[in-house]
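# Geometric and topological summary
Below, each chain spelled out in residue letters.
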Amino acid sequence: MTLTVSNLRKNYGTHQVLDIPYWQVGHGIFWIQGENGAGKSTFFRTLSGMLSYEGTIRLDGEYDLRQHPVQYRLRVNIGEAEPLYPSFLTPADLLGFVARARQSPPGQVEQLATALGINYLTQPMGACSSGMVKKVSLALAFLGEPRVIILDEPLITIDQEARTALFGLIKRYHAEGVTFLLSSHQPFEHNDLSLTARFALVNKTLQPLSLS
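Residues numbered from 1 in each chain as written. Predicted model: local features only at pLDDT ≥ 70, side-chain atom pairs only at ≥ 80, totals over all residues. Heavy atoms only, no water.

## Topic: the packing of aromatic side chains
Counted by the stated rule, this structure contains six aromatic pairs. A ring pair is formed by Phe43 and Phe44, whose centres lie 6.1 Å apart and whose planes are at 35°; its orientation type is tilted. Taking the relative accessible area as the measure of exposure, Phe43 reaches 0% and is therefore buried. According to the relative accessible area criterion, Phe44 is buried, its value standing at 0%. Aromatic pair Phe142 and Phe180: ring centres 5.9 Å apart, planes at 45°, arrangement tilted. Within this pair, whereas Phe142 is found in helix α5 (residues 130-142), its partner Phe180 is found in strand β8 (residues 179-183), the two being separated by 38 residues in sequence. In terms of burial, Phe142 and Phe180 fall into one category: buried. (Phe/Tyr/Trp six-rings, centres within 6.5 Å; stacked < 30°, edge-to-face > 60°. Buried < 20%, exposed > 50% of the residue type's maximum accessible area, 1.4 Å probe, protein only. Helix = DSSP H or I, 4+ residues; strand = E, 2+ residues; numbered from the N terminus.)

## Quick word on the layout of surface pockets
A volume near 440 Å³ is recorded for the largest pocket. Along its surface, the largest pocket is lined by 19 residues, and Met50, Ile78, Val98, Arg102 and Leu140 are the ones closest to its centre. In terms of residue class, the lining of the largest pocket is made up of 12 nonpolar, four polar and three charged. Within this model, the second largest pocket holds a volume of roughly 190 Å³. Along the wall of the second largest pocket there are 13 residues; nearest its centre are Gln108, Gly144, Glu145, Tyr173 and Glu176. Looking at the lining of the second largest pocket, the elements with two or more residues in it are α4 (108-116) and α6 (160-175). When residues in the lining of the second largest pocket are grouped by element, the largest group, three residues, is from α4. Broken down by class, the residue content of the lining of the second largest pocket amounts to five nonpolar, four polar and four charged. (1 Å grid on protein atoms, 1.4 Å probe; cavity = no way out; pocket = protein on both sides within 12 Å on 5 of 7 lines; lining within 4 Å. Points joined across faces, edges and corners; volume = space filled by probe spheres on them. Nonpolar A, V, L, I, M, F, W, Y, C, P; charged D, E, K, R; others polar.)

## Comments concerning helix α3 (residues 91-101)
Looking at α3, one finds that the buried residues are Pro91, Leu94, Leu95, Gly96, Val98 and Ala99. Residues of α3 that are buried make contact with α4 and α5. One or two steps after α3, the chain reaches Gln103, where phi turns positive at roughly 55°. (Contact = heavy atoms within 4.5 Å.)

Right, here's the structure in full:
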């Protein structure tokens, strides 16, 4: 797996948020860190195809986000930091819809719901706590057969049991060839996950950091 970014720029009006000349990662687990407002969420949402941008984003040298939008999006999933869903939908509604859109293997929804402790499948999202909503968003990020899973602040609002389950899923999917891009204000302990590399988003671009 190779994810390549070239001449990536993202502006909000006249305010430039991202200016990344070149960045490439292969298979691994990568931690992107940065201060609040540094542009981590914008970077992740751009990589997932949710925001417009200037430049080139390409997966495996074959799937260009602009030229192959469907094929690219089927291979790159995202779990947002603070997900918002219509209050009248249930977790079952959301998981079922996204599973069909992402061509999920049979039984995957049930496996993810069990792993993350989503035992409230028929409860409206408007009646769910922030932690319950977060677990649904994490499950959505694993649906289908992604090559890259982006998790923006995956540890916020979830308890230790869900955190342990999440790390288990990351390890299992990574062993099957999936690459992870993670961000968090909380440190990932080395005994929880073996990180491939760390990057800091500083001054609109990415800089490599030591793992120590």
